[in-house]
Amino acid sequence: MALFSLVLIPFVISSDVASACQNTDDFVSASSPGDIIIGGLFAVHSEMVHPEEHPIKPVIQNCAGFEIQIFLQTLAMIHAIEMINNSTLLSGVTLGYEIYDTCAEVTKAMASALRFLSKSNTSKDIVEFKCNYSDYVPRIKAVTGASYSEVSMAVSRLLALQLIPQVSPASSAEILSDKIRFPSFLRTIPSDFHQTRAMAHLICESGWNWIGVIATDDDNGRFALESFGVQAMANSVCIAFKEMLPAYLSDNTFHTKVDRAIEKIVKETRVNVIVVFMRQFHVLKLFKKAIERNVKKIWIASDNWSTAVKISTMPNIRKLGTVVGFGFKNKDVSTFQDFLRSIHERPTENNKFLLEYIMLLSVCAHLDNYDFQMCISSQSQYDLMQNVENRRQIWRDDFLNANIEPGFIHSTILAVYAIAHAIKGQCKDRNCKDPSAFAPWELLEELKKVTIIDDDKEIKFDSKGDMSSGYDVLLWKEVDGHMEITTMAEYDPENGYFIFEDEEKKKEFLDLKKVPSTCSQHCRPGQMKKVTESPHTCCYECVYCPENHYSNRTDMDYCYRCHNKTYWAPVNSTTCYRKTIHFLGWTDWFSIFLLLLSAFGVVLIFSISAIFTKNLSTPVVKASGGLTVCYIILLSHFFIFLSTVFFIGEPTEFKCRTRQALFGISFALCISCILIKSLKILLAFSFDPKLQNFLKCAYKPITIVFICTGIQVIICTFWLIFRTPFVKQNFSIPRAIILECNEGSVVAFGIMLGYIAALALICFICAFKGRKLPENYNEAKFITFGMLIYFIAWIVFIPVYVTTFGKYLPAVEIIVILISNYGILCCTFFPKCYIIIYKQETNTKSAFLKMIYTYSSKSVGSIAVSQISLDSKSSSSRITASDSCNAEKSSVNGNCHFQVSGQTPVKEEVVPKSAARTLSRKRLSSI
């Protein structure tokens, strides 16, 4: 196997913090010897000073911007290692450390990582290139850090070459959970996935959907922005604008882009919520400009700066509005606070961070509060060396304690303890005083299985190398004139909801809703969103829900349809209403009127029956066919009136099937009986021999009634069997359901009515032929009128029935039935009742015979004259053009003699009076 060696260019830093690198040992910022060395990467300075000289040389430059919070994290790492060494966790094995300052620069962090990869126990920092690093013993066994995700991504790729475990207490980028690209990276904090989801939930529950986002233009900012964008979309939150600020303060465009971001915030007046994914020194610059422009918003803080004391103590910070942040869960850090109280007694030879901090205290001793904070952050290492002489030595115990961020301190200590527990697992059967006792990749496998007891809870790394311990939701509140960072709620990342300690905390959370941040006004219940031309779905118009649709919540994307046909909704409705069921009820005034008409008809039937029964032996009753025929006709009229009852009330299957069949059969029976009477009249008064012979053969009353009615019974039976009527719900009216009877088959219904019409037509023809009956016995004429009334009523019924809808549709048929029934009833029986009651002198046998005799005599004479007229016409060619007859009439034997010129006399025999009397008796017997 080929073996190459890479000799690192030595970097040396002298005892003075301002001198250039001379050797790699001086490159270390803090160190302590031990059997097992743990590396540390922290951005104690916020930027690296870049020289303006040309050409640019590959030299590690000095850094500026001392970060108190991250300096405290380095002290937390040292404190944790010392606690482990002073405990029995690693019996007989001591931990050492080498901590490097990355200056928030990937370049400097990579230089530190290269030293981590160098071979252990060699005089020079040499990194060997090998195909297999399984037995390779690097300088360190594990790394704690880095402070920023962008740095951790670069360093982790380099450390993955030898699978050196890297446990970060602060890098939260979601991409670092990818174990394919970052196999040796772990962290003691949750992924940004949970943080961005928590932010989206907070924004959604507060009723905001139109927000702005500002992030740093680095890997951490871009990945956080991408993750938040996905979560915001899932919670129907729109991002009005996104502003990216340069990752490094040394960028010449930094201040210009900050001004542009502030202008964007001021311009978007509807945006009152700003989500900020930035480092603390970026937020300081942004807020300084925002205070100058009197920008007052709700700021959603990421875990990078949500607990930053140097930001919360800015002058006029309260003018910015409300700050709501997400921070790592606070834990007890009292032991660390005790450690800080004695920090000034510690030697500074091997801790350049501590030495620099002491120098900063001296330089900034004349300032107080925020100015003191800013003085420390703004000093460069070069400036310190120029101003350190003749400065009095001071120490401020309260300053470090005031700047503690418990979440980061706890996660740093947790990272060191996780590594220590993994080392304990490797050292059970090995001599760990020997640096080659185990390789870093073995420690990595052990680290993945480590379980730590923290506040009586077992915590461990998940499959992605994360510890999902949850978040504290923080609220910056002004108390006694200064800003305090308080815990408002806890966020459970596993279940995705907020947990409140008490009702007061919950009220603080709910009060956030008072500040609106929406693109459009909320759509009230009864309205829905209508997307406008804007590309954002959060910008919309509110339109009313159309008819038969409703919405019962605010900001609904669409209205629900009243799916069930039994419900309806007006325009702008918040609910569906049950449709009212309509039918021709018993209490309807029109129903009552029709029922009264039917009842009156029944009364007439019983009255007529009584009159006919009382006058049974009179000629008028006998001439009407006798009591049996009259009763059958009256009974059929009764059933016709009765059938109207089935058209009223709530339709049922029984009513629908009964009403038409009862009406049809009853009407057919009635017309059949009247047809018998019409045929009988023709038979009695017809003097045409041929017609009489035909009528005598056809006149079978019982058979005719049975056949005519039976055909209707067959029609109705087939109708009820194959296409029976049924109850139907008619939804043609928007707000009502009409219960009606569907006839099942329009064809069957038409055949039934058509058959009745055919019988009525035959009856009409027969009655019409007998219209010139005796004056006092003119029944045929009234039958004709009755049939005409029937035809007129049902001809009008057809178009009215077809064009009518609603609950009064059955009333149309009832009216037609009543009209036709009343017409036939009145025309059939009223004339007879009139004669019986008011013309009793004509309702005797002698009067009746006299009337028949007179009518028969006239009819016989008419026939004789008609025959002579026919004979005269046949001989008209032989008669002279004279209108008078010169014949001499002789009364001998009843003969008449006509004398025609040029011809022999014609002799015509006249019917004798005795013959007329005989004919009259025959007609009477027929009747």
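Since the structure is predicted, the reported quantities are computational estimates derived from the model, not experimental observations. (Residues numbered from 1 in each chain as written. Predicted model: local features only at pLDDT ≥ 70, side-chain atom pairs only at ≥ 80, totals over all residues. Heavy atoms only, no water.)

### What about the overall build of the protein chain?
Counting its secondary structure elements, the protein chain contains 27 helices and 31 strands. Restricting the contact set of the protein chain to residue pairs at least 6 apart, pairs at least 24 apart contribute 69%. Split by element, the accessible area of the protein chain, about 43,900 Å² in all, is 57% carbon and sulfur. (Helix = DSSP H or I, 4+ residues; strand = E, 2+ residues; numbered from the N terminus. Contact = heavy atoms within 4.5 Å. Areas by Shrake-Rupley, 256 points an atom, 1.4 Å probe, with all protein chains shown as cover.)

### Things to note about the nonpolar core
Counting residues in hydrophobic clusters, the biggest one holds 108 residues, and the most contacted among them are F287, W299, W305 and F336. Here this core gets eleven residues from one element, more than from any other, and that element is helix 1 (residues 68-85). In terms of domain composition, this core takes at least three residues from each of domain 1 (30-51 + 58-189 + 334-351 + 406-460) and domain 2 (192-302 + 470-513). Those residues in contact with W299 that lie beyond four places of it in its chain are I265, I274, V276, L286, F287, A290, W305, L320, T322, V323 and V324. Judged by nonpolar contacts, the second largest core, of 69 residues, contains L594, L675, I676 and L818. (Core = buried A, V, L, I, M, F, W, Y, C linked by side-chain atoms within 4.5 Å. Buried < 20%, exposed > 50% of the residue type's maximum accessible area, 1.4 Å probe, protein only. Domains from an automatic or database assignment.)

### With respect to the packing of aromatic side chains
All told, the structure shown has 41 aromatic pairs when counted by the stated rule. Note on W305 and W476: the rings are 5.9 Å apart at their centroids and 85° apart in plane angle, and the pair reads as edge-to-face. Highlighted residues: W305 in the loop between strand 14 (297-301) and helix 8 (309-312) and W476 in strand 18 (residues 471-479), separated in sequence by 171 residues. The burial state of W305 is the same as that of W476; both residues are buried. Judged by centre distance (6.1 Å) and plane angle (70°), the rings of F646 and F654 are edge-to-face. A relative accessible area of 57% places F654 in the exposed class. Counting every residue linked through ring pairs, the aromatic cluster contains F663, F667, W719, F749, F764, Y790, F791, W794, F797 and Y801. (Phe/Tyr/Trp six-rings, centres within 6.5 Å; stacked < 30°, edge-to-face > 60°.)

### A short note on the side chain of E508
Along the chain, E508 turns up in helix 16 (residues 503-510). Apart from the residues within four sequence positions on either side, E508 is in contact with L475, K477 and M488.

### Side note on the pattern of salt bridges
Using the criterion set out here, one finds 30 salt bridges in the structure. A salt bridge links E82 to R346; its shortest N-O distance comes to 2.3 Å. With a gap of 264 residues between them, E82 in helix 1 and R346 in the loop between helix 9 (334-341) and helix 10 (352-363) connect regions that are remote in the sequence. For K507, the salt bridge is made with D511, and the minimal N-O distance between the two is 3.2 Å. Residues participating in the shared-partner salt-bridge network are E98, R115 and R139. (Salt bridge = Lys/Arg side-chain N within 4 Å of Asp/Glu carboxyl O.)

### A look at the state of the cysteines
Tallied over the full model, the rule gives nine disulfides. In this model, C63 is linked to C103 through a disulfide, with the two sulfur atoms separated by 1.8 Å. Its S-S torsion of about 95° marks the bond between C63 and C103 as right-handed, since a negative value means left-handed. Here the residue C63 occupies a position in strand 5 (residues 63-66), and C103 occupies one in the loop between strand 6 (95-101) and helix 2 (106-117), the gap between them amounting to 40 residues. Neither residue differs from the other here; C63 and C103 are each classed as buried. In this model, C562 is linked to C576 through a disulfide, with the two sulfur atoms separated by 1.8 Å. The sign of the S-S torsion, about -90°, decides the handedness of the disulfide formed by C562 and C576: left-handed. Residue C562 is located in the loop between strand 24 (560-561) and strand 25 (567-568), and its partner C576 is located in the loop between strand 25 and strand 26 (577-578); the two are separated by 14 residues in the primary sequence. Here C562 falls in the buried class, since its relative accessible area comes to 8%. (Disulfide = S-S within 2.5 Å.)

### Re the environment of F791
Tracing the sequence through the fold places F791 in helix 24 (residues 779-803). Sequence separation between F791 and F764 is 27 residues, and the spatial gap between their C-alpha atoms is 9.9 Å. Here F791 is in contact with A757, A760, L761 and F764, once residues within four sequence places are set aside.

### Describing a negative patch on the surface
A cluster of acidic residues, E501, D502, E503 and E504, forms a negative patch on the protein surface. Residue classification places E501 among the exposed residues on the basis of a relative accessible area of 68%. (Patch = residues over 30% accessible without salt bridge, like charges linked within 9 Å, V, L, I, M, F, W, Y side chains within 5 Å. Lys, Arg positive; Asp, Glu negative; His and termini not counted. Charge placed at Lys NZ, Arg CZ, Asp CG, Glu CD.)

### A closer look at helix 3 (residues 149-159)
Within helix 3, ten of the eleven residues are buried, which leaves it mostly tucked inside the rest of the structure. Taken as a whole, helix 3 has its buried residues at S149, E150, V151, S152, M153, A154, V155, S156, L158 and L159. Buried-residue contacts for helix 3 involve strand 3 (36-42), helix 2, strand 8 (142-145), strand 9 (166-168), strand 10 (185-187) and helix 5 (219-234).

### Re the sheet that holds strand 15 (residues 321-328)
Reading across the sheet, the eight strands line up as 12-11-13-14-15-18-19-20 and stay open at both edges, with mixed pairing between neighbours. Each of the sheet's edge strands pairs with one partner strand only, and the pair in question is strand 12 (238-246) and strand 20 (497-499). This sheet shows a mean twist of 25° between the axes of neighbouring strands, independent of strand direction. The pairing of strand 13 (residues 273-277) with strand 14 spans four bridges and is parallel. Among the inter-strand pairings, I274 is bridged to a residue of strand 14, identified as W299. Packed onto the sheet, helix 4 (residues 192-205) meets strand 11 (210-217), strand 13, strand 14, strand 15, strand 18, strand 19 (482-492) and strand 20 and runs at close to 145° relative to strand 15. Packing against the sheet, helix 7 (residues 280-292) makes contact with strand 11, strand 12, strand 13 and strand 14, and its axis sits at approximately 180° to strand 14. (Pairing = 2+ DSSP bridges. Axes fitted to C-alpha atoms, helices over the stretch in contact; angles between N-to-C directions.)

### Comments concerning the pairing of strand 29 (residues 736-742)
Most of strand 29 sits out of view: six of its seven residues are buried. As paired strands, strand 27 (residues 580-582) and strand 29 are joined by three bridges and run parallel to one another. Bridging from a neighbouring strand, T580 pairs with A736 of strand 29. Where strand 28 (residues 726-730) lies against strand 29, five bridges are found, and the strand directions are antiparallel. From the neighbouring strand, N730 faces strand 29, where its bridge partner is I738. Counting the residues in the hairpin turn of strand 28 and strand 29 gives five residues.

### What to know about the environment of T554
Counting through the fold element by element, T554 comes out in the loop between strand 23 (549-550) and strand 24. Considering only alpha carbons, one finds T554 and G526, 28 residues apart in sequence, at a separation of 8.4 Å. Residues contacting T554, with those up to four places away along its chain left out, are C523 and P525.

### Section: helix 24
Between its terminal C-alpha atoms helix 24 stretches 37 Å, which fits the 36 Å expected from 25 residues at 1.5 Å a residue. Along helix 24, the sharpest change in direction is near 30° and occurs at F797; proline P799 comes one to four residues later. For helix 24, the set of buried residues is E779, A780, I783, T784, G786, M787, Y790, F791, A793, W794, F797 and Y801. (Expected span 1.5 Å × (residues − 1). Bend = angle between axes of the 7 residues up to and from the residue.)

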